[in-house]
Amino acid sequence: MAIIGVLGLQGAVEEHVKQITQAGHDAVAVKRPRQLDAVDGLIMPGGESTAMRKLMDHFGFMDKIRAFAAAGKPIFGTCAGMVLLAKRLAGIRDFHLGLMDVTVQRNAYGRQKESFEAELLIEGALNPFPAVFIRAPYIVEAGPHVEILARFEDKIVMARQGQLLACSFHPELTDDPGVMLIFLEMVEQSLAAARP
Amino acid sequence: MTQILTGTDRVKRGMAQMQKGGVIMDVINAEQAKIAEAAGAVAVMALERVPSDIRAAGGVARMADPRIVEEVLNAVSIPVMAKARIGHIVEARVLEAMGVDYIDESEVLTPADEEFHLLKNTYTVPFVCGCRDLGEAARRIGEGASMLRTKGEPGTGNIVEAVRHMRTVNAQIRRVVSMSDDELMTEAKNLGAPYHVLLDIKREGRLPVVNFAAGGVATPADAALMMELGADGVFVGSGIFKSENPEKFAQAIVQATTHYQDYTLIAELSKDLGTAMKGIEITKLQPQDRMQDRGW
């Protein structure tokens, strides 16, 4: 059983915690950087990326999360989390954690009235996934080491690079554990690899 | 061809779920909106006047000038909300057409209809509405509200009414959850609540939508108090830009909302903030000046 941290500064924290617990693992809302020492994987939930970034700066999360990634521990970013993970943001000079070799367009589908749900085919999955896109970003460009896991109407909406997983939509708003299970599998593999 | 569904409950309620643990700030121009965004607000509410100025000005309070809403929409990348009068179908449609991310059908403005609220499930844009008790909360959900907030008493800088409303709603939820199924219809009658909404609440053990606190939050400690009482997040109206140092105040309220049980931090955040907005004692309000009594 793994312990999964959910960055607990703002956003859909309890929804992720619920899915992790239902899958039989332990979940903890991470409100302070030191809590990262006790978790095996980290989820950065949906929310407002600018608001989360301010709080991450204030409470000293940036270097600590980069070190967490450098130690090979898995990180999963959904929606705002994808924006936080990206090395490049389209149309903006700034970036946040700069971990994943992708260029992300924020609010790529427009404003809230353009938010939508649709069924999505994810690489390796048998059934379509009910994907909920809320003021969602997508990946406009991915580096050579990034594995593309799903596209929606030609746009990349889910991708993996080593121990980093990102998606544009909100698996935590659905009852389908499919996407969460992909991440939990990554965490279990990283734990197994770390065992002597 | 994949089917794309917009304006579903999941998309509209989900948008509010992404705001949880955050602070939504009232702003009256682009400059204030940028200050709010830089301070870590999760959304801004574009208004012509903040509630305390609406009180002072008197007369009829309406939807903001679309020029102001447009200015704010262009100034920030976080979501923008705006207020329409209770029951004002056209103000709501205008705001929807402009691309506002959330509409507040708000008692802070002068109601356009004294009998009927908007039928909010006919819109693609989501709505937030005020409530004082579970009956009012459930009626708004029944009409299609995707997010709730306590009414409190807006523009007073006095937290007492928001506390009353949050405690009332949550106590009534606990009561519904503990009831047996055969008691629910009578409870629906007594609360004036749609039966199916109470069934949802009993099954889920909570409201089916996010419930923020609003109406009287004036300090970081007020924001933390509302989180402690079970609010999913906080609206701050007049509190920020009527304070002496809005930038500092806004940041302090954001941090206190996230770390609402870290009392040492809240003490630090509350030091040297300057004067908070001058409040109003609730019993000094004339009955006709109580905004919370608008809506039904």
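Because the structure is predicted, anything quoted here is derived from the model rather than measured.

Colleague: Just checking my understanding: could you explain the overall build of chain B for this structure?
Modeller: In terms of regular secondary structure, chain B is built from 13 helices and nine strands. A compact globule built from 296 residues would reach a C-alpha radius of gyration of about 19 Å, and chain B, at 18 Å, matches this within 12%. Counting only C-alpha atoms, chain B reaches 55 × 45 × 45 Å along its principal axes. When each of the 296 residues of chain B is scored for burial, the buried share is 59%. Summed over its atoms, the accessible surface of chain B is roughly 11,500 Å², and 49% of this surface lies on carbon and sulfur atoms.

Colleague: Help me out: how do you make sense of the overall build of chain A in this one?
Modeller: When its secondary structure is counted, chain A shows five helices and 12 strands. For chain A, the C-alpha radius of gyration of 15 Å lies close to 16 Å, the compact-globule estimate for 196 residues. Each principal axis of the C-alpha distribution contributes one length, and for chain A these read about 45 × 40 × 35 Å. When the 196 residues of chain A are sorted by exposure, 58% land in the buried category. The contacts in chain A between residues at least 6 apart in sequence include a share of 65% that link residues at least 24 apart. Of the roughly 7,900 Å² of accessible surface on chain A, 50% is carried by carbon and sulfur atoms.

Colleague: So what exactly am I meant to see when it comes to the interface of chain A and chain B here?
Modeller: When the parts of a complex come together, some accessible area is lost, and that lost area is often taken as the interface size. On the chain B side, the residues contacting the 39 residues of chain A number 46 residues. Across the chain A/chain B interface, buried area totals approximately 3,300 Å², and carbon plus sulfur atoms make up 53% of it. For chain A, the biggest contributors to the area lost against chain B are R111, K113 and E117 of chain A; these three give 21% of the whole. On inspection of chain A and its partner chain B, the count reaches seven salt bridges.

Colleague: Just checking my understanding: could you explain the packing of helix α7 (residues 160-178) of chain B against helix α9 (residues 195-204) of chain B for this structure?
Modeller: Helix-helix packing is described using two parameters, namely the angle between the two axes and the distance between the axes. Residue and element names in this part refer to chain B. In the contact formed by α7 and α9, the axes pass within 8 Å of each other and the chain directions differ by 80°. Accordingly, the angle class assigned to the pair α7 and α9 is roughly perpendicular. Residue-level contacts link I173, V176 and V177 of α7 to L198, I201 and K202 of α9. Of the residues in the contact of α7 with α9, the class split is five nonpolar, no polar and one charged.

Colleague: How do you make sense of the pairing of strand β2 (residues 23-27) of chain B when you look at a structure like this?
Modeller: Strand residues, when the strand is regular, have side chains that alternate between the two faces of the sheet. Residues and elements named next belong to chain B. Among the five residues of β2, five are classified as buried, and the element is accordingly described as predominantly covered. On β2, burial covers both faces: V23, M25 and V27 on one face and I24 and D26 on the other are all buried. Two strands pair when backbone bridges link them, and β2 and strand β9 (residues 234-236) are joined in this way by three bridges, in the parallel orientation. The residue bridging M25 from the neighbouring strand is V236, located in β9. In terms of strand pairing, β2 meets strand β3 (residues 43-46) through four bridges, oriented parallel. By the bridge assignment for β3, M25 is matched with V44. In the classification by handedness, the crossover that spans β2, the intervening helix α2 (residues 30-39) and the parallel β3 is right-handed.

Colleague: Help me understand the nonpolar core in this model?
Modeller: Within soluble globular proteins, side chains that are nonpolar generally end up buried alongside one another. In this structure, I75 of chain A together with M226 of chain B are the most contacted members of the largest nonpolar core, which totals 90 residues. With six residues, the top contributor of residues to this core is helix α12 (residues 246-258) of chain B. In this structure, I75 of chain A is in contact with L42, M44, I65, F68, A69, L85, L99, Q163, L164, L165 and F183 of chain A, ignoring residues within four places of it in sequence. Residues V13, F76, L120 and F152 of chain A belong to the second largest nonpolar core, which totals 31 residues.

Colleague: Would you mind showing me how to read the packing of aromatic side chains here?
Modeller: Remark: the centre distance and the inter-plane angle together describe each pair of aromatic rings, the angle taken between the planes. All names here are of chain A. Here the structure, examined in full by the defined rule, presents 11 aromatic pairs over all chains. Look at F129 and F169: their rings are 5.8 Å apart centre to centre, the planes differ by 45°, and that puts the pair in the tilted class. Residue F129 is found in strand β8 (residues 129-133), and its partner F169 is found in the loop between β12 (164-167) and α5 (178-194); the two are separated by 40 residues along the sequence. A residue is classified by how much of its surface remains accessible, and F129, at 4% relative accessible area, is buried. Owing to a relative accessible area of 0%, F169 belongs among the buried residues under this scheme. Here a set of aromatic residues connected by ring pairs shows up, and it is made of Y109, F116, F129, F133, Y138, F152 and F169.

Parameters at a glance
Residues numbered from 1 in each chain as written. Chains lettered and ligands numbered in written order. Predicted model: local features only at pLDDT ≥ 70, side-chain atom pairs only at ≥ 80, totals over all residues. Heavy atoms only, no water. Helix = DSSP H or I, 4+ residues; strand = E, 2+ residues; numbered from the N terminus. Rg over C-alpha atoms; globule rule 2.2 N^0.38 Å. Buried < 20%, exposed > 50% of the residue type's maximum accessible area, 1.4 Å probe, protein only. Areas by Shrake-Rupley, 256 points an atom, 1.4 Å probe, with all protein chains shown as cover. Contact = heavy atoms within 4.5 Å. Buried area = accessible area lost by both parts, 1.4 Å probe. Salt bridge = Lys/Arg side-chain N within 4 Å of Asp/Glu carboxyl O. Axes fitted to C-alpha atoms, helices over the stretch in contact; angles between N-to-C directions. Parallel < 35°, antiparallel > 145°, perpendicular 65-115°, else oblique. Nonpolar A, V, L, I, M, F, W, Y, C, P; charged D, E, K, R; others polar. Pairing = 2+ DSSP bridges. Right-handed = clockwise from strand over helix to strand, strands pointing away. Core = buried A, V, L, I, M, F, W, Y, C linked by side-chain atoms within 4.5 Å. Phe/Tyr/Trp six-rings, centres within 6.5 Å; stacked < 30°, edge-to-face > 60°.

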